[in-house]
Amino acid sequence: MSTTATPAPRPPVARQPRGRTTQPRGRRKWTWLRGIAITLVTLVFALPLVWMFAAAFKTNVQVTDPGVGLWFKPTLDNFRSIVEAGQIVRSMGNSLLVGVVSTVLSAVIAVPAAWAVGRFAMHRTGSLILVARIVPAISLLVPWYYLFAQMGLVGSYTVLVLSHMFVSVPLIMWIMISFFAGLPVELEEAARTDGLSAFGAFWRVSLPLAAPGTATASLLAFVFSWNNFMFALVFADDRTQTVPVTLFNFISYASTDWGGLMAAATLITVPVVIAAVVGQKYLVAGLTSGATKG
Amino acid sequence: MAATEVSAPQAGTRSSTPRPGARRTRTPRTFEQANRRLKWAMLAPALLFVGLMIVFPLAFTLDLSLTDAFGAVNADKRHIGLRNFTDALGDTRRFWPAARRTLVFTVGAVILETVLGLALAMLMRKPFRGMRLVRTVLIIPLLATPVAIGILWLLILDPTNGIANHLLEGLGLPRQEFLGSVSQSLPMLMLIDVWQWTPMMTLLLLAGLSTLPEEPEEAALVDGANAWQRFRYVVLPMLGPTLATALVLRAVDALKTFDILYATKGAGGGSDFEVETLNVYAYGLTFDYQEYGLAAAVLVLFTLFIIGVVVVLRRRGGGKNA
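Owing to the predicted nature of the structure, the values given are computational and were not obtained by experimental measurement.

1. Description of the nonpolar core
Ranked by internal contacts, the top residues of the largest apolar core, which has 184 residues, are Met173, Met176, Phe180 and Phe235 of chain A together with Ile139, Leu157 and Tyr283 of chain B. Both domains that furnish three or more residues to this core are identified here as domain 1 (32–75) and domain 2 (86–287) of chain A. If we ignore the near neighbours within four places in the chain, the residues touching Phe235 of chain A are Leu141, Trp144, Tyr145, Phe148, Val154, Gly155, Ser156, Val159, Leu160, Ser163 and Thr240 of chain A.

2. Notes on the UniProt feature "domain: ABC transmembrane type-1" (unreviewed entry) in chain B
In this numbering, the UniProt entry assigns the feature "domain: ABC transmembrane type-1" (unreviewed entry) to residues 99–313 of chain B. Between the C-alpha atoms that bound residues 99–313 of chain B there is a distance of 18 Å. The span itself is 75% helix and 0% strand.

3. Section: the domain arrangement of chain A
Residues and elements named next belong to chain A. According to the domain assignment, chain A contains domain 1 (32–75) and domain 2 (86–287). Measuring from the centre of the C-alpha atoms in domain 1 to the corresponding centre in domain 2 gives 31 Å. If you sort the residues of domain 1 by the area they bury against domain 2, Met52, Phe53 and Asn60 come out on top, with a joint share of 57%. At the boundary of domain 1 with domain 2, the tally comes to zero salt bridges. Taken together, the connections running from domain 1 to domain 2 amount to three residue pairs in polar contact (both at pLDDT 80 or more). Counting residues per element, the ones that place at least two in the side of domain 1 that touches domain 2 are α1 (27–56) and α2 (60–63). In terms of residue count, α1 provides more of the side of domain 1 that touches domain 2 than any other element does, four residues in total.

4. Overview of the packing of helix α3 (residues 77–85) of chain A against helix α13 (residues 258–278) of chain A
Residue and element names in this part refer to chain A. Where α3 contacts α13, the two axes come as close as 8 Å, and the packing angle between them is 80°. Considered as vectors, α3 and α13 are oriented roughly perpendicular to each other. For the pair α3 and α13, contact is made by Asn78, Phe79 and Ile82 and by Gly259, Gly260, Ala263, Ala264, Thr266 and Leu267, respectively. Here the contact of α3 with α13 is composed, by residue class, of five nonpolar, four polar and no charged.

5. Looking at the interface of chain B and chain A
Contact residues are listed per partner, giving 115 residues for chain B and 109 residues for chain A. Ranking the residues of chain B by area buried against chain A places Met42, Leu143 and Leu155 of chain B at the top, with a combined share of 7%. At the junction of chain B with chain A, the criterion picks out zero salt bridges. With 21 residues, the single largest contributor to the side of chain B that touches chain A is helix α1 (residues 28–64) of chain B.

6. Re the packing of aromatic side chains
To describe a pair of aromatic rings, you give the distance between the ring centres and the angle between the ring planes. All names here are of chain A. Inspection of the entire model under this criterion finds 27 aromatic pairs over all chains. Ring geometry for Phe166 versus Phe231: centroids 6.1 Å apart, planes at 80°, classification edge-to-face. Of this pair, Phe166 sits in helix α7 (residues 157–182) while Phe231 is found in helix α11 (residues 230–235), placing the two residues 65 residues apart along the sequence. With relative accessibility at 4%, the residue Phe166 sits in the buried group. The buried category is assigned to Phe231, whose relative accessible area is 1%. Between Lys58 and the ring centre of Trp51, over which it is positioned, the NZ or CZ distance is 4.2 Å.

7. Some points on the environment of Thr42 of chain A
Tracing the chain through its elements places Thr42 of chain A in helix α1. Put simply, Thr42 of chain A and His164 of chain A are 122 residues apart on the chain and 32 Å apart in space, counted from C-alpha to C-alpha. Ignoring any residue separated from it by four or fewer positions in sequence, one finds Thr42 of chain A in contact with Val134 and Val137 of chain B.

8. Re helix α4 (residues 131–143) of chain B
The α-helix winds at 3.6 residues per turn, so residues separated by three or four positions along the chain end up facing the same way. Residue and element names in this part refer to chain B. Across its 13 residues, α4 extends 19 Å between first and last C-alpha, which sits within 8% of the 18 Å expected from 1.5 Å per residue. The buried fraction of α4 amounts to 10 of the 13 residues, a majority that puts the element mostly inside the structure. Buried within α4 are the following residues: Met131, Val134, Thr136, Val137, Leu138, Ile139, Ile140, Pro141, Leu142 and Leu143.

9. Quick notes on the UniProt feature "transmembrane region" (unreviewed entry) in chain B
All names here are of chain B. The feature "transmembrane region" (unreviewed entry), as given by UniProt, occupies residues 40–60, 103–124, 136–156, 194–212, 233–252 and 292–313 in the numbering adopted here. Secondary structure content for residues 40–60 is 100% helix and 0% strand, and the end C-alpha separation is 26 Å. Structurally, residues 103–124 is divided into 95% helix and 0% strand, and its ends, taken at the C-alpha atoms, are 31 Å apart.

10. Some remarks on the UniProt feature "transmembrane region" (unreviewed entry) in chain A
Residue and element names in this part refer to chain A. Cross-referencing UniProt, the feature "transmembrane region" (unreviewed entry) maps to residues 35–57, 96–116, 128–147, 159–181, 202–226 and 258–278 in the present numbering. As annotated, residues 96–116 comprises 100% helix and 0% strand, and the C-alpha atoms at either end are separated by 30 Å. This span, residues 159–181, is 100% helix and 0% strand, and a straight line between its end C-alpha atoms measures 33 Å.

11. Describing the pattern of salt bridges
All names here are of chain B. Scanning the model with the defined rule gives 10 salt bridges over all chains in all. Between Arg175 and Glu169 there is a salt bridge, with the nearest N and O atoms lying 2.9 Å from each other. Given a relative accessible area of 42%, Glu169 falls into the partly exposed group. In the salt-bridge network here, residues are joined through shared partners; they are Glu113, Asp193 and Arg250.

What counts and how
- Residues numbered from 1 in each chain as written.
- Chains lettered and ligands numbered in written order.
- Predicted model: local features only at pLDDT ≥ 70, side-chain atom pairs only at ≥ 80, totals over all residues.
- Heavy atoms only, no water.
- Core = buried A, V, L, I, M, F, W, Y, C linked by side-chain atoms within 4.5 Å.
- Buried < 20%, exposed > 50% of the residue type's maximum accessible area, 1.4 Å probe, protein only.
- Domains from an automatic or database assignment.
- Contact = heavy atoms within 4.5 Å.
- UniProt positions renumbered as here; feature names shortened; annotations may be inferred.
- Helix = DSSP H or I, 4+ residues; strand = E, 2+ residues; numbered from the N terminus.
- Buried area = accessible area lost by both parts, 1.4 Å probe.
- Salt bridge = Lys/Arg side-chain N within 4 Å of Asp/Glu carboxyl O.
- Polar contact = N/O pair within 3.5 Å; in protein donor to acceptor, adjacent residues only side chain to side chain.
- Axes fitted to C-alpha atoms, helices over the stretch in contact; angles between N-to-C directions.
- Parallel < 35°, antiparallel > 145°, perpendicular 65-115°, else oblique.
- Nonpolar A, V, L, I, M, F, W, Y, C, P; charged D, E, K, R; others polar.
- Phe/Tyr/Trp six-rings, centres within 6.5 Å; stacked < 30°, edge-to-face > 60°.
- Lys NZ or Arg CZ within 6 Å of the ring centre and 35° of its normal.
- Expected span 1.5 Å × (residues − 1).

So, in structure tokens, the structure goes:
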């Protein structure tokens, strides 16, 4: 078409584009339509979750009456009853423990490795590790179960932490490789000429600069650990159960208690939503970093 | 520490190691040696983890797939050759329907997510008021706990009490069974997947769009290309690599979907196995039936299938991405 490489000669009196370029005529109308479209789309993604939060504060009669909508007198009874039942609180503690330990251990392993891959352009080695991103978790679940069961470890926190690291180690590497590759190498070289060892240059110069990236990657890793269902479904017992499993078990024996179910779902989603609101900018950057820089 | 010669497959010369003479550093040669030792030392824990937790278990799965392992995990097992594979591949009742569902689910959901995600990204490309809020809303579905999302949609799509049927009635449309019906379950779960993951596509593509240079589009505008032409012949080709990467990422994750399927429809993917994908099937074989050998064979096939998809997609995408 008309978009070949040779740019057409520009009109001699180039009109200075204000702000953004490439604005067609009829600008007003489009801005309006775009605003409406964006609002509609946002509502489509937001409303189901709003519905869940609202249902958590409804009585069971109100939950199962779709006519009630979003205007009703909120009650905390659902939260009270699930907290009194006990398991959810214990599970949140377990999820917190497993999430923090597995994330910290993963960061300790993955950040130096990401530095090596990013700094020395070891892409072949890097992609070997990132294969873990492709391997379906379930194809490891079977051998893990087989081996861990023989070691008598099923039900222990150790197995949960190890299995959750399967997700977070590649995730943190994925994010941090492009981060380190983007740091100017001159900083480390300068540190080296000033007498720091190779490790010292990493430790004192690159690592502090990578702190924001590491924080983002760790937060994402924690969220994915918090959300992980399959590993805990297999490896956790009543004592070590994490929140998604508790929620799942809740469905089977309390499927009529919609209010309680929604309260439980809300309870375990709220920390994630807070993380999303607070760290929105960084989390988006983290989620998209590995992908766009390849 | 002695200079142990760690055999480096490819000396990482590309980015950083200062070449002798290239820079006025004190002792460049030791730098390079120190770097070479250090980079492997830094990689060692990650490699060890991958070896112990991924490579070894995968090898174990491969071995297990050739045995008749069944029942208790410490029961005796014998090697029986490829019989598990022939059993799986000859199973037209569970295995092949599950494989078909996996493919239908993945292809359908990912195509929808890509088209919608691209449209949304183009819509949100230029800054607007409330951008921050919209991005926050978009990120929540990706971070929310899948099991919670599953039960949330169970409530919305409940055949008798759900808001979805209430809305359909309001529009004068017939009520639906949704997840209660065998034929509607898989399409419904695909829609839930689309709801959950289209934002991911949008965010990835927005990030890709923000890195594109503006000049080619300006040139096309000056040449008189209309909005569609600028999108089709200028933006889309430049966005190609990002699009390919996003597609591979999403396809790989969609193939592996488990949480929402299992949380909404339970073991076996429902009474008629209506949402039983290879993932759910393999899970059931292992933990409901203790058919470890057969499950391992299914998983080997499944993993090969995923690797095949990635290879094909990457070749077609023409990128070294992902």
